[in-house]
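Okay, here's what each chain looks like letter by letter:
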Amino acid sequence: MCFGRCARCVGYKLLVLAVLSIVANILLYFPNGETRFASEHHLGKYVECLHGILGGGLLVLIPAAVFIGLHNDDCCGCFGHEGCGKSCAMLSSVLAAFIGILGSGYCVIISALGLSHGPYCLTHLDRSWIYPFTDSSGGYLFEYNKWSWCQEPQNIVQWNTTLFSILLVLGGVEFILCFIQIINGILGGLCGLCCSHEETYAC
C-alpha cells in the first residue's frame, strides 16, 4: 500500500472541498446576490463566524497542501536515511490533519447552529429585525408555512438553509478525510512509506 499516494489523493479532495466551502460562505454574505444587507449589518450572527472561509476553507487548505506535497520521491531523508525522512514526512502530515480536523469541526458546528437558530430577518409580525425561529430548535425547517414570516431578505430561509446545509456536508466530508489521513499518516510513518515505483494504489 502506498501511503504517500493516498495522502496526495486526500489532499486534492480537500483542496476542492475547501474552495467550495469558501464560495458557499461568501454567498451567505449576499442573500439573493444583494450586498446591502451586509453593509447594513443585517446578517445573522452565525453567518459572520467565517466557518466556511476560515474553518472549512483556509484551515483545510493547510493540510491539503501538505498532503499533496507528500507524493514527491526526492526526499533526502533525515540522518542520511531516505526511508526515515519519508516516515517523518508522513508523521508530520498527522499534525496537519489535526489542523484540518479543527477547521472542519468548526465548520460543522457553526453550520449546525446556524440551521438550528434560523435566519435574521425583517418579519411582517413585528416589523423589526429579529430571529423568529430561535425557539423552534430547528423545527422551522419542516414548517414551510412559517418561512413567509421573513419578508427581507426575500427567500432568506431557503438561502440560509441551502448554504448552511452545504457547508455542514462539506465540513463533515473534510472531517472524515482528515481523520482518514491521520490513520494513513500513522501507518505510513510506522511502515516507513514502503512503496515501490511499480506499485499502484487506487484511492
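These lines cover the structure that appears in this document, whether it is placed above or below. (Residues numbered from 1 in each chain as written. Predicted model: local features only at pLDDT ≥ 70, side-chain atom pairs only at ≥ 80, totals over all residues. Heavy atoms only, no water.)

## Regarding the pattern of salt bridges
- Per the counting criterion, the structure on display carries three salt bridges.
- In this structure, the salt-bridge partner of Arg-36 is Glu-34, at a minimum N-O distance of 3.0 Å.
- Overall, the relative accessible area of 34% leaves Arg-36 in the partly exposed class.
- Judged by relative accessible area, Glu-34 falls into the partly exposed class, the value being 29%.
- For the salt bridge of Glu-152 with Arg-36, the shortest nitrogen-to-oxygen distance reads 3.7 Å. (Salt bridge = Lys/Arg side-chain N within 4 Å of Asp/Glu carboxyl O. Buried < 20%, exposed > 50% of the residue type's maximum accessible area, 1.4 Å probe, protein only.)

## Topic: unusual backbone geometry
- Each neighbour pair has its own omega, and for Glu-152 with Pro-153 the value is -10°, a cis peptide bond.
- Structurally, Pro-153 is set in the loop between β3 (150-152) and α5 (156-191).
- In this model, His-41 sits at a positive phi of 60°, which is unusual for a non-glycine residue.
- The residue His-41 is located in the loop between α2 (36-39) and α3 (51-68) in this model.
- Although it is not a glycine, Asn-155 adopts a positive phi angle of roughly 55°.
- With a relative accessible area of 46%, Asn-155 lands in the partly exposed category. (Helix = DSSP H or I, 4+ residues; strand = E, 2+ residues; numbered from the N terminus.)

## Here we look at the environment of Pro-31
- Here Pro-31 is to be found in the loop between α1 (3-28) and α2.
- In sequence terms Pro-31 and Pro-153 are 122 residues apart; their C-alpha atoms lie 6.6 Å from each other.
- Residues contacting Pro-31, with those up to four places away along its chain left out, are Phe-37, Leu-43, Pro-153, Ile-156 and Trp-159. (Contact = heavy atoms within 4.5 Å.)

## Side note on the sheet that holds strand β1 (residues 121-123)
- Across the sheet, which stays open at both edges, the three strands sit in the order β2-β1-β3 with antiparallel pairing between neighbours. A strand with exactly one partner marks an edge of an open sheet, and here the two such strands are β2 (129-130) and β3.
- Relative to β2, β1 runs antiparallel, the two sharing two bridges. Within β2, the residue paired with Leu-122 across the bridge is Trp-129. (Pairing = 2+ DSSP bridges.)

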